[in-house]
Amino acid sequence: MLQIAPSILSADFGALREAVQGVSADADLLHVDVMDGRFVPNITMGPQVVEAVRKATDLPLDVHMMIVEPDRYLSDFRQAGADMISVHVEACPHLERTIDQIHQLGALAGAAINPATPVEMLVDILPELDYVLIMSVNPGFGGQKFWPRALEKLARVRDLRGARERPLIEVDGGINAETASQAVAHGAEILVAGSYVFGAEDPKARIQILRQS
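None of the values given here were measured: they were computed from a predicted structure. (Residues numbered from 1 in each chain as written. Predicted model: local features only at pLDDT ≥ 70, side-chain atom pairs only at ≥ 80, totals over all residues. Heavy atoms only, no water.)

Chemist: Help me understand the pattern of salt bridges in this model?
Modeler: When charged atoms on two side chains of opposite charge get close, those side chains can pair. Enumeration over the complete set of coordinates arrives at 5 salt bridges. Asp83 is the partner of Arg54 in a salt bridge, and the nearest nitrogen-oxygen pair spans 2.8 Å. In this pair, Arg54 is assigned in helix α2 (residues 47-56) and Asp83 in the loop between α3 (74-80) and β4 (84-88), connecting sequence segments 29 residues apart. (Salt bridge = Lys/Arg side-chain N within 4 Å of Asp/Glu carboxyl O. Helix = DSSP H or I, 4+ residues; strand = E, 2+ residues; numbered from the N terminus.)

Here is the structure:
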């Protein structure tokens with residue numbers, strides 16, 4: 001079943017609780033982008049923001065760690081309320097150990113890959129993952145245009161997974177009504193959408209449009 005994960009990176013942080021609660025009845029997850037200014041140019045939120053969001057909603061929190069040395073902070077984000085934690089293949093020299101650590105903390109574990117990273121980097125770790133996050137933009141900033149070649153990567157992960165139900169396939173970046181339909185047709189099962197949802201006058205209506213994909 002298709003899941004919609006609004007990204008709070010595009011929400012109004014001056015009224016974050018209201019923004020979160022405004023979509024909680026219609027969304028399936030909430031996506032939290034964590035950036036450190038090193039792995040990506042931007043700096044965003046830490047465990048304190050995750051904790052605040054946790055208090056505002058019962059939805060599962062999908063924490064996307066775009067940071068170097070993510071192992072150092074996994075426990076902090078889990079304690080703050082993260083239900084799902086994805087780390088980047090490019091940032092983890094010992095990816096299997098990192099995924100195992102996330103599982104030991106009791107969270108679902110995902111691996112994310114940048115647009116230029118081949119899907120084949122996931123082959124050996126795929127059976128250990130709960131989900132794969134395909135970036136359809138270069139990570140670091142919201143509001144970017146969808147990268148069409150991400151569709152091929154989504155289909156490739158679907159083929160590698162075969163008949164198994166896991167890992168789920170998530171896509172993040174440039175998702176709107178048009179690109180959502182394309183992504184779902186190529187295997188996406190979780191759609192992350194930031195500005196398309198929170199930049200609209202009616203975020204709930206945008207979620208329903210994505211769900212119709």
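Chemist: Looking at this structure, I do not really get the sheet that holds strand β3 (residues 61-66). What am I missing?
Modeler: Sheet strands associate in pairs through backbone hydrogen bonding, adopting either a parallel or an antiparallel arrangement. Reading across the sheet, the 8 strands line up as β1-β8-β7-β6-β5-β4-β3-β2 and stay open at both edges, with parallel pairing between neighbours. Each end of this open sheet is capped by a strand with a single partner; those strands are β1 (3-6) and β2 (30-35). Strand-to-strand twist across the sheet, computed as the mean angle between neighbouring axes with direction ignored, equals 25°. As paired elements, strand β7 (residues 168-172) and strand β8 (residues 190-193) share 3 bridges and run parallel to each other. Paired with Asp172 across the bridge in β8 is Val192. (Pairing = 2+ DSSP bridges. Axes fitted to C-alpha atoms, helices over the stretch in contact; angles between N-to-C directions.)

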